[in-house]
Amino acid sequence: MTGRLYGVGLGPGDPELVTVKTARLIGEADVIAYHAARHGRSIARSIALPYMKAGQIEELLLYPLTTETTDHPGGYQGALDDFYADCAERLAAHLEAGRTVVVLAEGDPLFYGSYMHLHKRLAHRYPTEVVPGVTSVSAASAVLGRPLVERDEVLTVLPGTLPAGELAERLRGTDSAAVLKLGRTFTKVRDALAEAGRLDDAWYVERATMGAERVAPLKDVNADGVPYFSLALLASPAERTFVPERPAAEARGEVTVVGLGPAGRSWLTPEAQEALAAATDLVGYGPYVDRVAPNPRQRRHRTDNRVEAERARHAFELAREGARVAVVSSGDPGVFAMASAIMEAAADFPGVPVRVVPGLTAAQAVASRVGAPLGHDYCVLSLSDLLKPWEVVAERLSAAARADLVLAIYNPASRSRTWQLGAARDVLLEHRDGATPVVIGRDVGGERESVTVTTLGALDPAQVDMRCLLIIGSSTTRVTDEGAVYTPRRYP
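Below or above, wherever it landed, is the structure these notes cover. This structure is a prediction, so every number in the text was calculated from the model and none was measured. (Residues numbered from 1 in each chain as written. Predicted model: local features only at pLDDT ≥ 70, side-chain atom pairs only at ≥ 80, totals over all residues. Heavy atoms only, no water.)

### Here's the deal with the overall build of the chain
Condition: Only DSSP runs of H or I with at least four residues qualify as helices, and only runs of E with at least two residues qualify as strands; both kinds are numbered from the N terminus onward. Exposure is judged per residue with a 1.4 Å probe applied to protein chains only, and the accessible area is read against the type maximum: over 50% gives exposed, under 20% gives buried, and values in between give partly exposed. Two residues qualify as a contact provided that any one of their heavy atoms is within 4.5 Å of a heavy atom in the partner residue. Per-residue and other accessible areas were derived by the Shrake-Rupley procedure at a 1.4 Å probe size, with only the shown protein chains allowed to occlude residues. Asp and Glu count as negative and Lys and Arg as positive, but His and the ends of the chain are not part of the count. We put the charge of a Lys on NZ, of an Arg on CZ, of an Asp on CG and of a Glu on CD.
Along its length, the chain carries 14 helices and 23 strands. Residue burial in the chain is summarised as follows: out of 492 residues, 45% are buried. Contacts in the chain between residues at least 24 apart in sequence constitute 69% of all its contacts with a sequence separation of at least 6. Accessible area for the chain stands at about 24900 Å²; split by element, carbon and sulfur atoms hold 50% of it. Here the chain contributes 53 positively and 61 negatively charged side chains, and the mean placements of these two sets differ by 1 Å.

### Things to note about the pattern of salt bridges
Filter applied, for reference: Any carboxyl oxygen of Asp or Glu that lies within 4 Å of a side-chain nitrogen of Lys or Arg is treated as forming a salt bridge with it.
This structure, assessed with the given rule, holds 21 salt bridges. Of the charged contacts in the structure, one is a salt bridge between Arg4 and Glu129, with a shortest N-O distance of 3.9 Å. Here Arg4 is found in the segment before β1 (5-9), whereas its partner Glu129 is found in strand β5 (residues 128-131), with 125 residues between them in sequence. Ionic pairing is found between Arg369 and Glu449, a salt bridge with its closest N-O pair at 2.8 Å.

### Some words on the side chain of Ser236
What counts here: In protein, a polar contact requires one atom able to donate a hydrogen and another able to accept it; more generally it is a pair of N or O atoms within 3.5 Å, and residues adjacent in sequence count only if both atoms are side-chain atoms.
Along the chain, Ser236 falls in the loop between β10 (230-234) and β11 (254-259). Here Glu153 takes part through its side chain, which lies 2.7 Å from a polar atom of the side chain of Ser236. At 3.1 Å, the side chain of Ser236 forms a polar contact with the backbone nitrogen of Ala238.

### Section: the sheet that holds strand β18 (residues 406-410)
Condition: At least two bridges found by DSSP between two strands are what make those strands a pair. Every angle, taken between N-to-C directions, lies between 0 and 180 degrees, and every axis is a line fitted to C-alpha atoms, over only the stretch in contact when it is a helix.
Here five strands make up an open sheet; going across it, the order is β17-β18-β21-β19-β20 and the pairing mixed. Each edge of the open sheet carries a strand with a single partner, namely β17 (378-382) and β20 (450-455). Averaged over all neighbouring strand pairs, the angle between strand axes comes to 20 degrees, with direction disregarded. Relative to strand β21 (residues 468-472), β18 runs antiparallel, the two sharing three bridges. Residue Ile409 lies in a different strand from β21, and its bridge partner there is Leu470. Its contacts with the sheet put helix α13 (residues 390-402) on β17 and β18, and the angle it makes with β17 is roughly 165 degrees.

### A short note on the sheet that holds strand β13 (residues 299-303)
Reading across from one edge, β13-β12-β14-β11-β15 is the order of the five strands in this open sheet, with parallel pairing throughout. Lying at the two open borders of the sheet, with one neighbouring strand each, are β13 and β15 (354-357). Mean inter-strand twist for the sheet, computed between neighbouring axes without regard to direction, equals 20 degrees. Strand direction decides the pairing type here: strand β12 (residues 281-285) and β13, joined by five bridges, are parallel. Looking at β13, one finds that Asp281 is bridged to Arg299.

### With respect to the state of the cysteines
In plain terms, the rule: Count a disulfide wherever a pair of cysteine sulfur atoms falls within 2.5 Å.
Within the structure shown, the criterion is met by zero disulfides. The cysteine Cys379 is free of any disulfide, with Cys468 supplying the nearest cysteine sulfur at 19 Å.

### Re the packing of helix α10 (residues 308-320) against helix α11 (residues 338-345)
Put simply, the test is: With respect to orientation, any angle under 35 degrees is reported as roughly parallel, any angle over 145 as roughly antiparallel, any angle of 65 to 115 as roughly perpendicular, and every other angle as oblique. Definitions for this section: a left-handed crossing has its near helix turned counterclockwise from the far helix by less than a right angle. A right-handed crossing has that turn clockwise. Only Asp, Glu, Lys and Arg are considered charged in this grouping, and only Ala, Val, Leu, Ile, Met, Phe, Trp, Tyr, Cys and Pro are considered nonpolar; every other residue, Gly among them, is considered polar.
Two elements in contact, α10 and α11, have axes whose closest approach is 9 Å; the angle formed by their N-to-C orientations is 60 degrees. In this view, α10 runs oblique relative to α11, as classed from their interaxial angle. Every pair of crossing elements has a handedness; the one defined by α10 and α11 is right-handed. Within the contact between the two elements, α10 uses Glu308, Arg311, Ala312, Ala315 and Phe316 and α11 uses Met338, Ala341, Ile342 and Ala345. Grouping the constituent residues of the contact of α10 with α11 by class yields seven nonpolar, no polar and two charged.

### A word on helix α6 (residues 164-172)
Rules: Think of it as the arc spanned by the lines of direction from the helix axis to the C-beta atoms.
Along α6, the residues that are buried comprise Leu167, Ala168 and Leu171. The buried residues of α6 occupy an angular sector of 95 degrees when projected down its axis, which confines them to one face. Residues of α6 that are buried make contact with β6 (155-159), β7 (176-180), α7 (186-195) and β10.

### Some points on the pairing of β17
Taken residue by residue, a regular strand's side chains alternate between the two faces of the sheet. Note the cut-off: Seen with its strands pointing away from the viewer, a crossover is right-handed if its path from the first strand over the helix to the second goes clockwise.
The sheet contact formed by β17 and β18 spans five bridges and is parallel. From the neighbouring strand, Val380 faces β18, where its bridge partner is Ala408. Note that the unit made of β17, α13 and β18 has a crossover that is right-handed.

Right, here's the structure in full:
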């Protein structure tokens with residue numbers, strides 16, 4: 001089997017800007033190939049050196065000429081063509097022997113790089129992969145701290161070797177530009193920028209990200225000693241656009257009620273994640289606020305579970321001062337949670353935008369663990385009698401049982417409410433068979449998740465606490481031999 005050829009981009013010079021993949025391939029290679037001028041020093045090798053291993057074969061590809069004249073019959077281009085053909089055959093010998101060959105390239109291998117001449121001669125003969133790298137243009141923009149292009153602007157990349165007139169014409173007709181290969185072309189490029197009326201906006205960047213990095217307005221640069229590894233840059237015209245800071249008093253606050261779902265991050269919707277990320281303030285019952293990953297730029301307002309009205313007003317007061325407030329609720333905020341309290345308080349804070357972001361409910365989560373008990377008509381009830389009389393709870397339980405609806409029961413018990421579930425079971429048994437399936441889901445999605453399938457007659461209130469949700473089946477709800485629970489979509 002033949003070896004594999006890799007053309008890898010090393011980035012603009014800083015060894016820390018070498019990609020993880022390129023670093024790995026360099027370390028695994030049998031052969032490391034790199035170009036150099038006749039002095040034999042290779043910038044590519046110096047960048048790759050931290051990732052090279054002892055015992056690797058090195059192939060120095062020494063250019064026969066750079067800018068000097070030649071007596072080659074084909075002239076300058078003919079001499080280079082013969083050079084690249086010879087280099088390709090040297091690497092082909094390694095590939096035929098089954099060796100992995102990595103060709104180093106400054107910047108990106110296919111962006112004004114010598115590697116492409118080997119690629120054209122070898123890629124159709126051997127398995128080949130090109131690994132991109134950070135270009136000098138991107139590096140120059142980064143070290144300047146100025147954007148290249150914004151929105152629909154046009155970036156033009158030009159070699160400094162173009163004729164002066166063509167350079168000026170292209171520079172006049174573009175928004176942003178990078179002119180590479182300066183060196184001996186610097187004076188011509190500077191004159192072209194002046195002719196195009198762009199000289200005052202041009203920057204000079206030399207050896208970006210390297211130890212000898214240099215940045216200056218191009219009009220102030222002396223042409224003597226400008227190296228090949230430098231470029232001229234016209235940054236985005238929009239970079240000069242002044243963006244005023246918005247006064248705090250004009251900052252528009254909002255209140256977003258966010259459903260966290262039944263447990264961790266995996267239950268969050270993308271919309272909920274976006275709302276949490278955009279918030280400046282988090283407001284909610286302490287354990288629910290704690291479920292949101294800390295972010296030091298956000299203020300966290302943890303409150304007790306029984307102060308919903310005060311919590312809602314606090315959220316609006318923060319928003320009125322310009323804060324983007326996320327009021328968090330477990331499950332869905334519209335199901336026995338904060339959305340109602342927020343909407344009720346909104347009347348006292350006209351002009352403050354309110355948005356509700358839904359979440360996966362506890363009923364859906366518990367149902368998913370056993371199958372499809374909510375597959376037909378169902379109702380949702382809370383057994384808590386803190387905000388409504390027990391007589392109303394009992395009447396609604398009885399009505400739902402008579403209507404043969406599946407019931408999802410929230411807040412079935414707590415340390416201070418211990419008798420309600422037993423009373424609810426007795427009401428339901430007046431209308432339901434004792435064999436009616438019952439699902440008890442506790443902490444679904446959490447570390448202590450448990451799901452139990454029992455019957456209405458065997459339901460033991462002592463097994464149920466505030467972290468539980470109950471699903472009471474209808475007359476058509478079934479339990480399979482495997483323990484799955486479902487309610488058929490068709491009703492007899």
